[in-house]
Amino acid sequence: MRFSKFRFEAVAVLATALLAACGGGGGGSSGSSGSAATSNSSNGSSNSAQAANTTTTSTSNLSANSAILITPASNLTALPSASGNASADGTAYINAMRKNVGLAALPSNAGLATASSDHATYLVDNQAYGHTETAGNTGFTGADPQTRISAEGNFTMMGEVVVAGQPAAFSDSVSPVETLFDAPFHRIVMLDDFTSMGVGYMANSNWEAFNIDFGSTSADTLAATSLVAYPYPGEQGVPTSWFANEDPNPFASATQYEMTTVGYPVTIQSAFGSTLSNLSFTITATNGTNIPCLAQTPQTTPSELSNAALCAPYSPLAASTTYTVRVTGTLTDASSQTHAINVGWTFTTAASGVSHNATQGLTNRPLPKF
């Protein structure tokens, strides 16, 4: 959804759910309740057609009006090792991921950094979580992200992702940002068409909070027909699994998968102001095996998604395996022009099956909150 002066992407406000350590993230969007819409695939069966046999980014047989995947970086940026500084590591992690996908890195904006830091401080002072603040509580600076971010600058687009909890919930200073990125609704915000960001972090002996505010002060930079996919085409070392406890939860319509380990989610998104529709996902292994996944689209989850969609496999993927993703549908851009979507790409999972910084599977940690 686009507003006249700003737009909250998915997971911008009203986060209320608990999330498992090192698993995912959560929240609401556009002032919504934060709950995911139901889907017709609650029994774990695939709702997609058979995948095409392709192993590369596919743009053949498409008209000039068709949507295409952006090209990943030819020289990849290494993800940061934990330095002990969560703000610095978070900034480096997001920008490395964005550059590797083929997007521009985001410079730090002083106003966004202030809003983000203020909210992280509020969460620690009050041992709270989520995007909202209560007037009268210590450190209150604004009831919601829109209020806090707007007070720090004239942003035409804005968004927020946040995670908080006991310090023991986070394995190191990279864990908070990785936790957010692995969660598909949150990842969409982190790979959206913003032009700046501000990272905030605060901790004491009882509570830790990591917050990122995003904004734009200029025109969108992503072309109207461009699509951003993650895992990105040709990516190596992709995690095999993810702990499904995000709000909005991709498995809200299949509750037997909530709080369980599922396959690593695939996301695809377009520029601000556009809408995706009639989407179909297929994921296949190199041996031709179809990987059933539960899709969330602007049609199944309209309060959370507009220019993005995701599909989360019901079961963990295999290690050291190449998977092919195909997505078909329609992209309607901000000018109401329609573009066919028919793209395919591959990614390969890690040999160990762990996440990018080996923080998944730490089930003995307390639960961070989103």
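Scroll up to find the structure this text is about.
Criteria and thresholds
Residues numbered from 1 in each chain as written. Predicted model: local features only at pLDDT ≥ 70, side-chain atom pairs only at ≥ 80, totals over all residues. Heavy atoms only, no water. Disulfide = S-S within 2.5 Å. Helix = DSSP H or I, 4+ residues; strand = E, 2+ residues; numbered from the N terminus. Buried < 20%, exposed > 50% of the residue type's maximum accessible area, 1.4 Å probe, protein only. Salt bridge = Lys/Arg side-chain N within 4 Å of Asp/Glu carboxyl O. Polar contact = N/O pair within 3.5 Å; in protein donor to acceptor, adjacent residues only side chain to side chain. Pairing = 2+ DSSP bridges. Axes fitted to C-alpha atoms, helices over the stretch in contact; angles between N-to-C directions.

A. Quick look at the state of the cysteines. In the structure shown here, the tally under the stated rule is one disulfide. The disulfide bridge from cysteine 293 ends at cysteine 311, spanning 2.1 Å between sulfur atoms. Of note, the bridge from cysteine 293 to cysteine 311 carries an S-S torsion of about 90° and is right-handed in sense. Remark: cysteine 311 occurs in strand E12 (residues 308-313) and cysteine 293 occurs in strand E11 (residues 293-296); sequence separation between them is 18 residues. A residue is classified by how much of its surface remains accessible, and cysteine 293, at 1% relative accessible area, is buried. Using a relative accessible area of 0% as the deciding quantity, one classes cysteine 311 as buried.

B. Fine view of the pattern of salt bridges. What the rule picks out here adds up to two salt bridges. Between arginine 148 and glutamate 133 there is a salt bridge whose closest N-O contact spans 3.8 Å. One end of the pair, arginine 148, is in helix H3 (residues 145-150); the other, glutamate 133, is in the loop between helix H2 (110-125) and H3, and 15 residues separate them in sequence. Side by side, arginine 148 and glutamate 133 carry an identical accessibility label, which is buried. Among the ionic pairs, arginine 148 bridges to glutamate 160, the shortest N-O distance being 3.1 Å. You can see arginine 148 sitting in helix H3 and its partner glutamate 160 sitting in strand E2 (residues 157-165), a full 12 residues away along the chain. For the pair arginine 148 and glutamate 160, a shared accessibility class is recorded, and that class is buried.

C. View of the side chain of glutamate 208. Examined against the element boundaries, glutamate 208 turns out to sit in strand E4 (residues 208-216). One polar contact links glutamate 208 to tyrosine 201, side chain to side chain, over a distance of 2.9 Å.

D. Molecular detail of the sheet that holds strand E14 (residues 338-349). The strand order across the open sheet built from four strands is E6-E14-E13-E10, with neighbouring strands paired in mixed fashion. Bordering the open sheet on either side are strand E6 (235-238) and strand E10 (275-285), each of which pairs with just one other strand. Each strand of the sheet is rotated relative to its neighbour by a mean of 30°, with strand direction disregarded.

E. Layout of unusual backbone geometry. A cis amide bond links tyrosine 230 to the next residue, proline 231, at an omega of -5°. Locating proline 231 in the fold gives a position in the loop between strand E5 (226-230) and E6. Look at the link from aspartate 247 to proline 248: it is a cis peptide, with omega at 5°. Inspection of the secondary structure puts proline 248 in the loop between strand E7 (241-243) and strand E8 (261-263).

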